[in-house]
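# Observations on the three-dimensional arrangement
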Amino acid sequence: MTQHTPGTAVAATGLRKSYGDHVVLDGVDLDIPAGTVFSLLGPNGAGKTTVVKILSTLIGADGGRASVLGHDVATESEAVRAAIGVTGQYSAVDGLLTGRENLMLMARLHRLGRTDAKRRAAELLERFDLVEAAGRPAATYSGGMRRRLDLAMTLVGRPRLIFLDEPTTGLDPRSRRDMWQITRDLVADGVTVFLTTQYLEEADQLADRIAVLDHGSIVAQGTAAELKRRVPGSHVRLRFTEAPSLESAARVLGGEADTEALTLKVPGNGGVASLRELLGRLDTESILPEELSVQTPDLDDVFLALTGHRSADDNARKANR
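This one's a predicted model, so the numbers in the text were calculated from it and none came from an experiment.

Rules and cut-offs
Residues numbered from 1 in each chain as written. Predicted model: local features only at pLDDT ≥ 70, side-chain atom pairs only at ≥ 80, totals over all residues. Heavy atoms only, no water. Helix = DSSP H or I, 4+ residues; strand = E, 2+ residues; numbered from the N terminus. Buried < 20%, exposed > 50% of the residue type's maximum accessible area, 1.4 Å probe, protein only. Contact = heavy atoms within 4.5 Å. Areas by Shrake-Rupley, 256 points an atom, 1.4 Å probe, with all protein chains shown as cover. Lys, Arg positive; Asp, Glu negative; His and termini not counted. Charge placed at Lys NZ, Arg CZ, Asp CG, Glu CD. Pairing = 2+ DSSP bridges. Axes fitted to C-alpha atoms, helices over the stretch in contact; angles between N-to-C directions. Expected span 1.5 Å × (residues − 1). Parallel < 35°, antiparallel > 145°, perpendicular 65-115°, else oblique. Left-handed = near helix turned anticlockwise from the far one by under 90°. Phe/Tyr/Trp six-rings, centres within 6.5 Å; stacked < 30°, edge-to-face > 60°.

### Focus: the overall build of the chain
Broken down by element type, the chain carries 12 helices and 14 strands. Expressed as lengths along the three principal axes of its C-alpha atoms, the size of the chain is roughly 80 × 50 × 35 Å. Here the chain holds 321 residues, and 45% of them are scored as buried. Taking the contacts inside the chain whose residues are at least 6 apart along the sequence as the reference set, 67% of them involve residues at least 24 apart. Total accessible area computed for the chain in this model is approximately 16300 Å², and 47% of it derives from carbon and sulfur atoms. Averaging the coordinates of the 38 positive side-chain charges in the chain and doing the same for the 43 negative ones gives two points 6 Å apart.

Right under this line is the structure:
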């Protein structure tokens, strides 16, 4: 049985879901602290949206148990829905209504009185920088404005947990960064954010913890730094101004020397202790490099190593070359 402890926003054990012979989720476990950003990564079809749908009570699981903010998603679905907000991959904004009308409609659905609804709509229009566009039909909004309005509508009921399911897909870089700052502000206010994304930079920027989902199973969990350390390839790069210094360093440290660039690549684990040891050996031998940099794998490397797939970030970079 899934146990809820104080400070836990989401707890899930053994979540399973299949459609016919197709297994979508195959025993997913989650433990997400309140007031944090948790990011679920995975390629298309990995099961990310299915996890969100189960935890937000939109569909039932075939097996396992889950609780959201202390409420069982199967037996206390109304309590779960009252405490959460969901912003899906596709905007739920009504393009025929103005920004203000969309917010007023959502406020009335939350059973706010007319005065409270107007006040809440005004607060959110201000917060999301939509005051000037409030009287225009949402169909005239840019992609970034529509996403901000969509999230504002999610916040009308003051949810304690928000599911952001690939919220920046299709947005330009500036709009993506605007959404990142909004997410940080939400967490600063005590809201828990459950983020699904294919953009590894997004997870690296925002998430306190990350889980990688592939073929319906969690294949790794941890902080961004912890996940990066799981992939080999960390090294220290030393650059010298003279060939004799490079040769001396290579004799002491080993590694891969580039005599033309006067650099030495020394394998390491990216940790402070190993870097301190390397610097101590250089100091003992009175070898002074001109420049030192620590190179570690990024989340693209982690994603590829764990799933065998390139990330959306990496594919986009290749397409723009």
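Don't stop here, the text continues.
### Digging into the pairing of strand β7 (residues 161-165)
When you tally the buried positions in β7, you get five out of five residues, the bulk of the element. In this structure, strand β6 (residues 84-87) lies alongside β7, joined through four bridges in parallel fashion. Each bridged residue has a counterpart across the sheet, and for Thr 87 the counterpart in β7 is Leu 164. Here five bridges tie β7 to strand β8 (residues 192-197), and the two strands are oriented parallel to one another. By the bridge assignment, Phe 163 is partnered in β8 with Phe 194.

### Examining the sheet that holds β6
The strand order β6-β7-β8-β3-β9-β10 describes an open sheet built from six strands, whose pairing is mixed. The open sheet terminates on both sides in strands that have one partner only, identified here as β6 and β10 (217-222). If you compare each strand with its neighbour and ignore which way they point, the axes differ by 15° on average. Across the sheet, helix α1 (residues 48-55) touches β3 (37-41), β7, β8 and β9 (209-214), and the angle it forms with β8 is around 150°. Along the sheet, helix α5 (residues 143-154) makes contact with β6 and β7, crossing β6 at roughly 160°.

### Quick notes on the environment of Leu 200
Secondary-structure assignment places Leu 200 in helix α7 (residues 200-206). Between the C-alpha atoms of Leu 200 and Gly 42, which are 158 residues apart in sequence, the distance is 9.7 Å.

### Quick look at unusual backbone geometry
Even without a glycine there, the phi angle at Leu 69 is positive, about 55°. With respect to the helices and strands, the residue Leu 69 is situated in the loop between β4 (63-68) and β5 (71-72). Relative accessible area serves as the criterion here: at 11%, Leu 69 is assigned to the buried category. We note that Arg 158 has phi near 50°; this positive angle belongs to a residue other than glycine. Looking at the secondary structure, you find Arg 158 in the loop between α5 and β7. Judged by its relative accessible area of 56%, Arg 158 falls in the exposed class.

### Regarding helix α10 (residues 272-284)
If you check α10, its first and last C-alpha atoms are 18 Å apart, about what 13 residues at 1.5 Å a residue would give, namely 18 Å. Following α10 by one or two positions, Ser 286 adopts a phi angle in the positive range, close to 55°.

### Looking at the packing of α5 against helix α6 (residues 173-188)
Running from N to C, α5 and α6 cross one another at 20°; their axes reach a closest spacing of 9 Å. Put simply, α5 runs roughly parallel to α6. You can see that α5 and α6 cross each other, and the crossing is right-handed. Contacts between α5 and α6 involve Gly 144, Arg 147, Arg 148 and Leu 151 from the first element and Ser 175, Asp 178, Met 179, Ile 182 and Leu 186 from the second.

### Looking at the environment of Asp 258
Its location among the elements puts Asp 258 in strand β12 (residues 256-258). Judged by its relative accessible area of 36%, Asp 258 falls in the partly exposed class. Excluding residues that lie within four positions of it along the chain, Asp 258 makes contacts with Leu 246 and Thr 263.

### Brief notes about the packing of aromatic side chains
Two aromatic rings, taken as a pair, are described by how far apart their centres are and by the angle between their planes. As enumerated under the stated definition, the model contains two aromatic pairs in all. Seen from their ring centres, Phe 38 and Phe 194 are 5.3 Å apart, and the 50° between their planes marks the pair as tilted. Residue Phe 38 is located in strand β3, and its partner Phe 194 is located in strand β8; the two are separated by 156 residues in the primary sequence. Accessibility classification places Phe 38 together with Phe 194 in one group, the buried group. Where Phe 163 meets Phe 194, the ring centres are 5.3 Å apart and the plane angle is 50°; that geometry is what we call tilted. A residue pair is termed long-range when its members are at least 10 positions apart, and Phe 163 in strand β7 and Phe 194 in strand β8 qualify at 31 residues. In this structure Phe 163 comes out as buried when scored by relative accessible area, which is 0%.

The values reported here are purely geometric and, on their own, carry no functional implication.
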